[in-house]
Amino acid sequence: MSESPTVEVHGPRNAPDPAYPAPPTVDITATGLSSTPVQQAVELARRYGPLYVRRYHGRDSLWASSMELVEELSDETRFAKGVGPALENVRGIAGDGLFTAYDDEPNWAKAHDILLPAFAMNSMRTYHPHMLRVARRLIASWDGRFAPGAARSAPVEVSEDMTRMTLDTIGLAGFGYDFDSFARTDPHPFVEALVRSLGHSQAKLARTPGGDYAAEDAEFAADAAFLAEVVDEVIESRKAAGDTATDDLLGLMLNSPHPGSGEVLDEANIRNQVITFLIAGHETTSGTLSFALHHLLKNPAALHRAQAEVDALWGDTPDPEPSYEDVGRLRYVRQVLNETLRLWPTAPASSAPSPTPCSAGAIR
Ligand code: HEM
(Lines give C-alpha, C1' and ligand atoms only; values in the text may rest on other atoms or scores of the structure.)
Protein backbone atom coordinates (compact mmCIF):
# COMPACT_ATOMS: atom_id res chain seq x y z
CA MET A 1 0.00 0.00 0.00
CA SER A 2 1.45 3.34 -1.01
CA GLU A 3 -0.15 5.62 1.61
CA SER A 4 -1.25 5.00 5.15
CA PRO A 5 -4.99 4.79 5.48
CA THR A 6 -6.79 7.22 7.73
CA VAL A 7 -7.84 5.57 10.94
CA GLU A 8 -10.61 6.73 13.22
CA VAL A 9 -11.27 5.05 16.50
CA HIS A 10 -14.88 5.66 17.43
CA GLY A 11 -16.61 5.34 20.71
CA PRO A 12 -19.12 2.51 21.04
CA ARG A 13 -21.22 2.49 17.87
CA ASN A 14 -24.61 0.86 17.86
CA ALA A 15 -23.42 -0.86 21.00
CA PRO A 16 -25.51 -0.17 24.04
CA ASP A 17 -22.97 -1.76 26.36
CA PRO A 18 -20.01 0.63 26.83
CA ALA A 19 -17.90 -2.31 28.01
CA TYR A 20 -17.62 -3.31 24.36
CA PRO A 21 -15.28 -0.97 22.49
CA ALA A 22 -16.19 -0.38 18.84
CA PRO A 23 -13.64 -1.53 16.25
CA PRO A 24 -11.46 1.06 14.48
CA THR A 25 -12.66 2.52 11.20
CA VAL A 26 -9.91 2.37 8.59
CA ASP A 27 -10.51 4.72 5.66
CA ILE A 28 -8.67 3.42 2.59
CA THR A 29 -10.16 5.89 0.10
CA ALA A 30 -6.83 7.70 -0.37
CA THR A 31 -4.84 4.45 -0.68
CA GLY A 32 -7.33 2.80 -3.01
CA LEU A 33 -8.12 -0.88 -3.36
CA SER A 34 -5.04 -2.94 -4.05
CA SER A 35 -4.82 -5.36 -6.98
CA THR A 36 -4.29 -8.02 -4.32
CA PRO A 37 -7.35 -7.35 -2.16
CA VAL A 38 -6.94 -10.38 0.09
CA GLN A 39 -3.39 -9.47 1.03
CA GLN A 40 -4.58 -5.91 1.62
CA ALA A 41 -7.32 -7.13 3.97
CA VAL A 42 -4.83 -9.38 5.81
CA GLU A 43 -2.35 -6.52 6.15
CA LEU A 44 -5.06 -4.26 7.59
CA ALA A 45 -6.03 -7.02 10.05
CA ARG A 46 -2.39 -7.32 11.16
CA ARG A 47 -2.27 -3.59 11.81
CA TYR A 48 -5.73 -2.91 13.22
CA GLY A 49 -6.80 -6.20 14.73
CA PRO A 50 -9.20 -8.99 13.84
CA LEU A 51 -12.24 -6.72 13.63
CA TYR A 52 -12.20 -3.40 11.80
CA VAL A 53 -14.53 -1.30 9.70
CA ARG A 54 -13.14 -0.64 6.25
CA ARG A 55 -14.36 2.61 4.70
CA TYR A 56 -14.03 3.18 0.97
CA HIS A 57 -15.58 6.24 -0.64
CA GLY A 58 -17.91 6.50 2.34
CA ARG A 59 -19.04 2.87 2.15
CA ASP A 60 -18.40 0.91 5.34
CA SER A 61 -17.90 -2.84 5.64
CA LEU A 62 -17.00 -4.72 8.79
CA TRP A 63 -14.09 -7.17 8.39
CA ALA A 64 -13.65 -10.08 10.78
CA SER A 65 -10.65 -12.37 10.47
CA SER A 66 -9.91 -14.31 13.66
CA MET A 67 -10.91 -17.95 13.94
CA GLU A 68 -13.33 -17.15 16.80
CA LEU A 69 -15.10 -14.35 14.92
CA VAL A 70 -15.35 -16.27 11.65
CA GLU A 71 -16.75 -19.26 13.52
CA GLU A 72 -19.30 -17.00 15.15
CA LEU A 73 -20.28 -15.46 11.81
CA SER A 74 -20.65 -18.92 10.29
CA ASP A 75 -23.50 -19.70 12.68
CA GLU A 76 -26.38 -19.99 10.22
CA THR A 77 -28.96 -19.69 13.00
CA ARG A 78 -27.79 -16.12 13.64
CA PHE A 79 -26.38 -14.84 10.36
CA ALA A 80 -28.03 -15.05 6.95
CA LYS A 81 -26.28 -15.72 3.64
CA GLY A 82 -24.83 -12.45 2.39
CA VAL A 83 -24.34 -11.05 -1.09
CA GLY A 84 -21.52 -8.51 -0.67
CA PRO A 85 -20.67 -5.78 -3.20
CA ALA A 86 -18.37 -8.08 -5.24
CA LEU A 87 -21.04 -10.76 -5.55
CA GLU A 88 -23.64 -8.11 -6.26
CA ASN A 89 -21.65 -7.32 -9.41
CA VAL A 90 -21.42 -11.02 -10.33
CA ARG A 91 -25.23 -11.08 -10.38
CA GLY A 92 -24.83 -9.40 -13.79
CA ILE A 93 -23.85 -12.84 -15.15
CA ALA A 94 -25.19 -15.31 -12.57
CA GLY A 95 -28.43 -13.61 -11.44
CA ASP A 96 -30.28 -15.60 -8.80
CA GLY A 97 -27.98 -18.65 -9.12
CA LEU A 98 -27.15 -20.33 -5.78
CA PHE A 99 -24.00 -18.35 -5.14
CA THR A 100 -25.34 -14.86 -5.87
CA ALA A 101 -28.98 -15.32 -4.78
CA TYR A 102 -30.20 -13.24 -1.85
CA ASP A 103 -31.05 -15.21 1.27
CA ASP A 104 -34.78 -14.54 0.88
CA GLU A 105 -35.00 -15.10 -2.88
CA PRO A 106 -37.38 -18.07 -3.35
CA ASN A 107 -35.19 -19.67 -6.05
CA TRP A 108 -32.30 -20.09 -3.62
CA ALA A 109 -34.09 -22.58 -1.34
CA LYS A 110 -35.84 -24.21 -4.29
CA ALA A 111 -32.62 -24.83 -6.25
CA HIS A 112 -30.78 -25.80 -3.07
CA ASP A 113 -33.30 -28.57 -2.32
CA ILE A 114 -33.46 -29.81 -5.91
CA LEU A 115 -29.66 -29.91 -6.32
CA LEU A 116 -28.79 -31.39 -2.93
CA PRO A 117 -28.66 -35.00 -4.23
CA ALA A 118 -25.94 -33.94 -6.71
CA PHE A 119 -23.56 -33.50 -3.76
CA ALA A 120 -24.29 -36.79 -2.00
CA MET A 121 -21.56 -39.47 -1.88
CA ASN A 122 -23.31 -41.59 -4.48
CA SER A 123 -23.21 -38.75 -6.98
CA MET A 124 -19.47 -38.32 -6.43
CA ARG A 125 -19.11 -41.91 -7.57
CA THR A 126 -20.88 -41.13 -10.86
CA TYR A 127 -18.56 -38.16 -11.48
CA HIS A 128 -15.44 -40.32 -10.96
CA PRO A 129 -15.14 -41.64 -14.57
CA HIS A 130 -15.33 -38.06 -15.90
CA MET A 131 -12.61 -36.96 -13.49
CA LEU A 132 -10.41 -39.85 -14.58
CA ARG A 133 -10.99 -39.12 -18.26
CA VAL A 134 -9.98 -35.49 -17.87
CA ALA A 135 -6.98 -36.31 -15.61
CA ARG A 136 -5.78 -38.57 -18.44
CA ARG A 137 -6.05 -35.68 -20.87
CA LEU A 138 -3.75 -33.67 -18.62
CA ILE A 139 -1.24 -36.51 -18.32
CA ALA A 140 -1.31 -37.09 -22.10
CA SER A 141 -0.71 -33.40 -22.69
CA TRP A 142 2.27 -33.28 -20.32
CA ASP A 143 3.66 -36.61 -21.54
CA GLY A 144 3.39 -35.26 -25.09
CA ARG A 145 6.03 -32.69 -24.28
CA PHE A 146 8.54 -35.46 -23.70
CA ALA A 147 7.59 -37.56 -26.73
CA PRO A 148 10.37 -38.04 -29.32
CA GLY A 149 10.71 -34.87 -31.36
CA ALA A 150 8.60 -32.74 -29.01
CA ALA A 151 9.74 -29.24 -28.11
CA ARG A 152 10.86 -30.08 -24.60
CA SER A 153 11.75 -26.53 -23.79
CA ALA A 154 8.12 -25.31 -24.05
CA PRO A 155 7.12 -24.46 -20.49
CA VAL A 156 4.08 -26.09 -18.94
CA GLU A 157 1.60 -23.40 -17.93
CA VAL A 158 0.50 -25.21 -14.80
CA SER A 159 -2.33 -22.93 -13.70
CA GLU A 160 -3.76 -22.75 -17.24
CA ASP A 161 -3.71 -26.54 -17.45
CA MET A 162 -5.38 -26.86 -14.03
CA THR A 163 -8.12 -24.56 -15.35
CA ARG A 164 -8.46 -26.71 -18.49
CA MET A 165 -8.75 -29.81 -16.29
CA THR A 166 -11.32 -28.49 -13.81
CA LEU A 167 -13.46 -26.74 -16.45
CA ASP A 168 -13.64 -29.91 -18.55
CA THR A 169 -14.48 -31.91 -15.41
CA ILE A 170 -17.38 -29.72 -14.27
CA GLY A 171 -18.62 -29.44 -17.89
CA LEU A 172 -18.72 -33.21 -18.35
CA ALA A 173 -19.75 -34.24 -14.83
CA GLY A 174 -22.33 -31.49 -14.36
CA PHE A 175 -23.81 -30.97 -17.79
CA GLY A 176 -22.46 -33.63 -20.17
CA TYR A 177 -20.76 -30.82 -22.13
CA ASP A 178 -17.20 -31.21 -23.37
CA PHE A 179 -15.15 -28.00 -23.47
CA ASP A 180 -12.28 -30.18 -24.77
CA SER A 181 -9.82 -27.63 -23.44
CA PHE A 182 -6.64 -29.65 -23.98
CA ALA A 183 -7.30 -29.65 -27.72
CA ARG A 184 -7.01 -25.83 -27.72
CA THR A 185 -3.95 -23.63 -27.46
CA ASP A 186 -5.90 -20.66 -26.12
CA PRO A 187 -8.51 -20.91 -23.40
CA HIS A 188 -12.06 -21.69 -24.53
CA PRO A 189 -13.86 -18.42 -25.48
CA PHE A 190 -16.38 -19.20 -22.72
CA VAL A 191 -13.54 -19.12 -20.17
CA GLU A 192 -12.18 -15.88 -21.59
CA ALA A 193 -15.60 -14.23 -21.31
CA LEU A 194 -16.06 -15.66 -17.81
CA VAL A 195 -12.67 -14.50 -16.56
CA ARG A 196 -13.17 -11.05 -18.12
CA SER A 197 -16.58 -10.62 -16.52
CA LEU A 198 -15.33 -11.78 -13.10
CA GLY A 199 -12.42 -9.33 -13.41
CA HIS A 200 -14.89 -6.64 -14.38
CA SER A 201 -17.05 -7.40 -11.31
CA GLN A 202 -13.96 -7.06 -9.11
CA ALA A 203 -12.66 -3.90 -10.85
CA LYS A 204 -16.06 -2.26 -10.49
CA LEU A 205 -15.49 -2.21 -6.72
CA ALA A 206 -12.57 0.20 -7.15
CA ARG A 207 -14.44 2.70 -9.36
CA THR A 208 -14.13 6.37 -8.57
CA PRO A 209 -17.55 7.99 -8.24
CA GLY A 210 -18.44 10.04 -11.34
CA GLY A 211 -15.97 8.21 -13.65
CA ASP A 212 -16.88 7.15 -17.20
CA TYR A 213 -17.06 3.36 -17.36
CA ALA A 214 -19.37 3.02 -20.39
CA ALA A 215 -16.84 0.99 -22.44
CA GLU A 216 -16.22 -1.48 -19.60
CA ASP A 217 -19.95 -1.83 -18.99
CA ALA A 218 -20.60 -2.51 -22.68
CA GLU A 219 -17.91 -5.22 -22.71
CA PHE A 220 -19.43 -6.77 -19.58
CA ALA A 221 -22.91 -6.78 -21.17
CA ALA A 222 -21.52 -8.43 -24.32
CA ASP A 223 -19.72 -11.08 -22.25
CA ALA A 224 -22.84 -11.77 -20.18
CA ALA A 225 -24.87 -12.23 -23.38
CA PHE A 226 -22.25 -14.61 -24.81
CA LEU A 227 -22.16 -16.72 -21.62
CA ALA A 228 -25.95 -16.99 -21.66
CA GLU A 229 -25.91 -17.98 -25.34
CA VAL A 230 -23.41 -20.83 -24.77
CA VAL A 231 -25.33 -22.12 -21.75
CA ASP A 232 -28.64 -21.98 -23.61
CA GLU A 233 -27.11 -24.17 -26.32
CA VAL A 234 -26.02 -26.72 -23.70
CA ILE A 235 -29.52 -26.77 -22.21
CA GLU A 236 -31.21 -26.98 -25.61
CA SER A 237 -29.05 -29.86 -26.80
CA ARG A 238 -29.93 -31.86 -23.66
CA LYS A 239 -33.61 -31.18 -24.15
CA ALA A 240 -33.45 -31.99 -27.86
CA ALA A 241 -31.86 -35.36 -27.05
CA GLY A 242 -34.97 -36.19 -25.01
CA ASP A 243 -32.73 -37.26 -22.12
CA THR A 244 -34.74 -37.32 -18.88
CA ALA A 245 -32.07 -38.83 -16.57
CA THR A 246 -31.41 -37.06 -13.26
CA ASP A 247 -27.86 -38.25 -12.67
CA ASP A 248 -26.10 -34.91 -13.15
CA LEU A 249 -26.71 -31.25 -12.26
CA LEU A 250 -28.46 -30.40 -15.52
CA GLY A 251 -30.62 -33.53 -15.42
CA LEU A 252 -31.74 -32.70 -11.87
CA MET A 253 -32.59 -29.12 -12.81
CA LEU A 254 -34.53 -30.06 -15.94
CA ASN A 255 -36.27 -33.20 -14.78
CA SER A 256 -36.50 -33.26 -11.01
CA PRO A 257 -39.37 -31.41 -9.31
CA HIS A 258 -38.93 -29.85 -5.89
CA PRO A 259 -39.50 -32.56 -3.22
CA GLY A 260 -42.01 -30.36 -1.35
CA SER A 261 -43.83 -28.17 -3.87
CA GLY A 262 -43.47 -30.33 -6.98
CA GLU A 263 -42.37 -27.24 -8.96
CA VAL A 264 -39.42 -27.32 -11.34
CA LEU A 265 -36.83 -24.57 -11.80
CA ASP A 266 -37.67 -21.97 -14.43
CA GLU A 267 -35.46 -21.67 -17.52
CA ALA A 268 -33.82 -18.37 -16.55
CA ASN A 269 -32.86 -19.82 -13.19
CA ILE A 270 -31.47 -23.01 -14.77
CA ARG A 271 -29.27 -20.83 -16.98
CA ASN A 272 -28.10 -18.86 -13.92
CA GLN A 273 -27.33 -22.10 -12.07
CA VAL A 274 -25.32 -23.53 -14.98
CA ILE A 275 -23.21 -20.34 -15.16
CA THR A 276 -22.85 -20.43 -11.35
CA PHE A 277 -21.64 -24.03 -11.34
CA LEU A 278 -19.25 -23.37 -14.19
CA ILE A 279 -17.75 -20.49 -12.18
CA ALA A 280 -17.90 -22.05 -8.70
CA GLY A 281 -16.99 -25.51 -9.92
CA HIS A 282 -13.76 -24.77 -11.73
CA GLU A 283 -11.99 -21.61 -10.57
CA THR A 284 -11.65 -22.50 -6.88
CA THR A 285 -10.59 -26.06 -7.63
CA SER A 286 -8.04 -25.14 -10.30
CA GLY A 287 -6.51 -22.50 -8.01
CA THR A 288 -6.26 -25.04 -5.20
CA LEU A 289 -4.51 -27.57 -7.44
CA SER A 290 -2.08 -24.93 -8.76
CA PHE A 291 -1.16 -23.81 -5.25
CA ALA A 292 -0.83 -27.45 -4.11
CA LEU A 293 1.64 -28.20 -6.92
CA HIS A 294 3.53 -25.00 -6.16
CA HIS A 295 3.88 -25.91 -2.47
CA LEU A 296 4.86 -29.49 -3.27
CA LEU A 297 7.66 -28.28 -5.54
CA LYS A 298 8.85 -25.92 -2.83
CA ASN A 299 8.79 -28.74 -0.24
CA PRO A 300 10.60 -31.76 -1.68
CA ALA A 301 10.08 -33.82 1.51
CA ALA A 302 6.30 -33.44 1.21
CA LEU A 303 6.47 -34.14 -2.53
CA HIS A 304 8.35 -37.41 -1.91
CA ARG A 305 5.84 -38.46 0.73
CA ALA A 306 2.92 -37.77 -1.60
CA GLN A 307 4.67 -39.61 -4.41
CA ALA A 308 5.38 -42.60 -2.14
CA GLU A 309 1.67 -42.78 -1.26
CA VAL A 310 0.71 -42.85 -4.94
CA ASP A 311 3.46 -45.38 -5.77
CA ALA A 312 2.28 -47.67 -2.96
CA LEU A 313 -1.08 -47.95 -4.75
CA TRP A 314 -0.01 -48.14 -8.39
CA GLY A 315 3.78 -48.58 -8.43
CA ASP A 316 5.00 -48.74 -11.99
CA THR A 317 1.66 -49.71 -13.55
CA PRO A 318 1.86 -47.86 -16.88
CA ASP A 319 -1.80 -46.92 -17.18
CA PRO A 320 -3.47 -47.45 -13.79
CA GLU A 321 -7.23 -47.45 -13.35
CA PRO A 322 -7.76 -45.74 -9.95
CA SER A 323 -11.13 -46.64 -8.49
CA TYR A 324 -13.38 -44.26 -6.61
CA GLU A 325 -12.38 -46.03 -3.37
CA ASP A 326 -8.67 -45.67 -4.20
CA VAL A 327 -9.01 -41.90 -4.17
CA GLY A 328 -10.11 -42.09 -0.52
CA ARG A 329 -6.91 -44.00 0.26
CA LEU A 330 -4.75 -41.03 -0.75
CA ARG A 331 -4.77 -39.66 2.78
CA TYR A 332 -1.51 -37.75 2.66
CA VAL A 333 -2.49 -36.15 -0.67
CA ARG A 334 -5.74 -35.13 0.98
CA GLN A 335 -3.76 -33.48 3.79
CA VAL A 336 -1.67 -31.63 1.20
CA LEU A 337 -4.88 -30.22 -0.30
CA ASN A 338 -6.22 -29.27 3.13
CA GLU A 339 -2.99 -27.51 4.02
CA THR A 340 -3.01 -25.74 0.64
CA LEU A 341 -6.51 -24.46 1.34
CA ARG A 342 -5.32 -23.24 4.74
CA LEU A 343 -2.30 -21.42 3.29
CA TRP A 344 -3.99 -20.05 0.15
CA PRO A 345 -7.76 -20.42 0.42
CA THR A 346 -9.14 -19.96 -3.06
CA ALA A 347 -12.41 -18.67 -1.60
CA PRO A 348 -10.75 -16.53 1.07
CA ALA A 349 -13.73 -14.50 2.28
CA SER A 350 -17.48 -14.63 2.50
CA SER A 351 -20.00 -12.05 3.56
CA ALA A 352 -22.93 -11.83 5.92
CA PRO A 353 -25.45 -8.98 5.90
CA SER A 354 -24.64 -6.12 8.29
CA PRO A 355 -23.99 -7.61 11.72
CA THR A 356 -23.63 -5.05 14.50
CA PRO A 357 -20.20 -5.09 16.14
CA CYS A 358 -20.27 -5.29 19.91
CA SER A 359 -16.80 -6.48 20.78
CA ALA A 360 -13.91 -8.43 19.37
CA GLY A 361 -15.60 -11.49 20.81
CA ALA A 362 -19.23 -10.81 20.09
CA ILE A 363 -20.97 -9.68 16.96
CA ARG A 364 -24.68 -9.44 16.41
C1 HEM B 1 -11.46 -26.05 -3.62
C2 HEM B 1 -12.68 -25.99 -4.09
C3 HEM B 1 -13.78 -25.14 -3.56
C4 HEM B 1 -13.77 -24.18 -2.57
C5 HEM B 1 -12.57 -23.68 -1.74
C6 HEM B 1 -15.12 -23.69 -2.43
C7 HEM B 1 -15.51 -22.72 -1.52
C8 HEM B 1 -16.80 -22.23 -1.38
C9 HEM B 1 -17.20 -21.22 -0.43
C10 HEM B 1 -16.31 -20.57 0.63
C11 HEM B 1 -18.52 -20.98 -0.62
C12 HEM B 1 -19.39 -19.94 0.09
C13 HEM B 1 -19.93 -20.37 1.36
C14 HEM B 1 -20.69 -19.21 2.02
O15 HEM B 1 -20.58 -18.05 1.61
O16 HEM B 1 -21.41 -19.50 2.93
C17 HEM B 1 -18.95 -21.84 -1.71
C18 HEM B 1 -20.24 -21.89 -2.20
C19 HEM B 1 -20.62 -22.61 -3.31
N20 HEM B 1 -19.84 -23.51 -4.01
FE21 HEM B 1 -17.91 -23.96 -3.66
N22 HEM B 1 -15.93 -24.34 -3.32
C23 HEM B 1 -15.16 -25.22 -4.04
C24 HEM B 1 -15.57 -26.08 -5.05
C25 HEM B 1 -16.85 -26.10 -5.58
C26 HEM B 1 -17.30 -27.00 -6.63
C27 HEM B 1 -16.44 -28.06 -7.29
C28 HEM B 1 -18.61 -26.67 -6.88
C29 HEM B 1 -19.56 -27.26 -7.87
C30 HEM B 1 -19.46 -28.42 -8.44
C31 HEM B 1 -18.96 -25.58 -5.99
C32 HEM B 1 -20.19 -24.97 -5.97
C33 HEM B 1 -20.58 -24.02 -5.05
C34 HEM B 1 -21.92 -23.43 -5.01
C35 HEM B 1 -23.08 -23.73 -5.95
C36 HEM B 1 -21.95 -22.55 -3.91
C37 HEM B 1 -23.13 -21.70 -3.42
C38 HEM B 1 -23.91 -22.56 -2.41
C39 HEM B 1 -25.16 -21.90 -1.89
O40 HEM B 1 -25.11 -20.74 -1.42
O41 HEM B 1 -26.21 -22.55 -1.91
N42 HEM B 1 -17.88 -25.28 -5.22
N43 HEM B 1 -17.89 -22.59 -2.14
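The text that follows walks through the structure, step by step, so that each part is easy to find. Because the structure is a prediction, the values reported are computed rather than measured.

Quick look at the overall build of the chain now. Within the chain, the secondary structure is distributed over 14 helices and 6 strands. Compactness check: the chain gives a C-alpha radius of gyration of 23 Å against a globular reference of 21 Å for 364 residues, within 12% of the reference. When the backbone C-alpha atoms are referred to their principal axes, the chain occupies close to 70 × 55 × 40 Å. Sorting the 364 residues of the chain into buried and exposed places 24% on the buried side. Within the chain, residue pairs in contact and separated by at least 24 positions form 65% of the contacts whose partners lie at least 6 positions apart.

Turning to helix α8 (residues 214-240), a few remarks are in order. Along its 27 residues, α8 runs 38 Å from first to last C-alpha, staying within 8% of the 39 Å computed at 1.5 Å per residue. Taken together, the buried positions of α8 are occupied by F220, D223, L227, V231 and R238. Backbone geometry just downstream of α8 places G242 in the positive-phi region, at approximately 70°.

With that settled, consider the nonpolar core. By size, the foremost hydrophobic cluster in this structure holds 38 residues, and its most contacted members are L194, L227, L249, M253, V274, I275 and L278. Looking at this core, the elements that each hand over two or more residues are α3 (85-94), α4 (106-115), α6 (158-175), α7 (189-203), α8, α9 (249-255), α10 (267-280) and α11 (283-298). When residues no more than four places from it in sequence are discounted, the contact partners of L194 are L227, L278 and I279. Of all hydrophobic cores here, the second largest spans 8 residues; its members include V26, I28, L51 and L69.

What follows deals with α3. Every buried residue of α3 is listed here: N89, V90, I93 and A94. On an axial view of α3, the arc spanned by its buried residues comes to 140°, and they lie on one face. Where α3 is buried, its residues contact α7, α8 and α10. Following α3 by one or two positions, G95 adopts a phi angle in the positive range, close to 45°.

For the rest of this paragraph, the subject is the site of the ligand. As a matter of local geometry, the ligand sits amid 16 residues, with A280, G281, T284, A347 and S350 nearest to it. Mapped onto the shell around the ligand, the elements with two or more residues apiece are α10 and α11.

What follows is about the packing of α6 against α11. Across the interface, α6 lies against α11 with an axial gap of 8 Å and an inter-helix angle of 140°. In terms of their interaxial angle, α6 and α11 are classed as oblique. Crossing hand, α6 versus α11: right-handed. Every residue of α11 that contacts α6 at V158, S159, M162, T163, M165 and T166 is listed here: T285, S286, L289, S290 and L293.

Let us look at the packing of α7 against α8. With their axes 9 Å apart at the nearest point, α7 and α8 run at an angle of 140° to one another. Judged by the inter-axis angle, α7 sits oblique to α8. Between α7 and α8 lies a crossing of left-handed hand. Between α7 and α8, the contacting residues are F190, A193, L194, R196, S197 and H200 on the first element and E216, E219, F220, D223, A224, F226, L227 and V230 on the second. Residue composition of the contact of α7 with α8, grouped by class: 8 nonpolar, 2 polar and 4 charged.

Conventions we followed
- Residues numbered from 1 in each chain as written.
- Predicted model: local features only at pLDDT ≥ 70, side-chain atom pairs only at ≥ 80, totals over all residues.
- Helix = DSSP H or I, 4+ residues; strand = E, 2+ residues; numbered from the N terminus.
- Rg over C-alpha atoms; globule rule 2.2 N^0.38 Å.
- Buried ≥ 20, exposed ≤ 12 C-beta atoms within 10 Å, placed from the backbone.
- Contact = placed C-beta atoms within 7 Å.
- Expected span 1.5 Å × (residues − 1).
- Core = buried A, V, L, I, M, F, W, Y, C linked by C-beta atoms within 7 Å.
- Arc of directions from axis to C-beta.
- Near = placed C-beta within 6 Å.
- Axes fitted to C-alpha atoms, helices over the stretch in contact; angles between N-to-C directions.
- Parallel < 35°, antiparallel > 145°, perpendicular 65-115°, else oblique.
- Left-handed = near helix turned anticlockwise from the far one by under 90°.
- Nonpolar A, V, L, I, M, F, W, Y, C, P; charged D, E, K, R; others polar.

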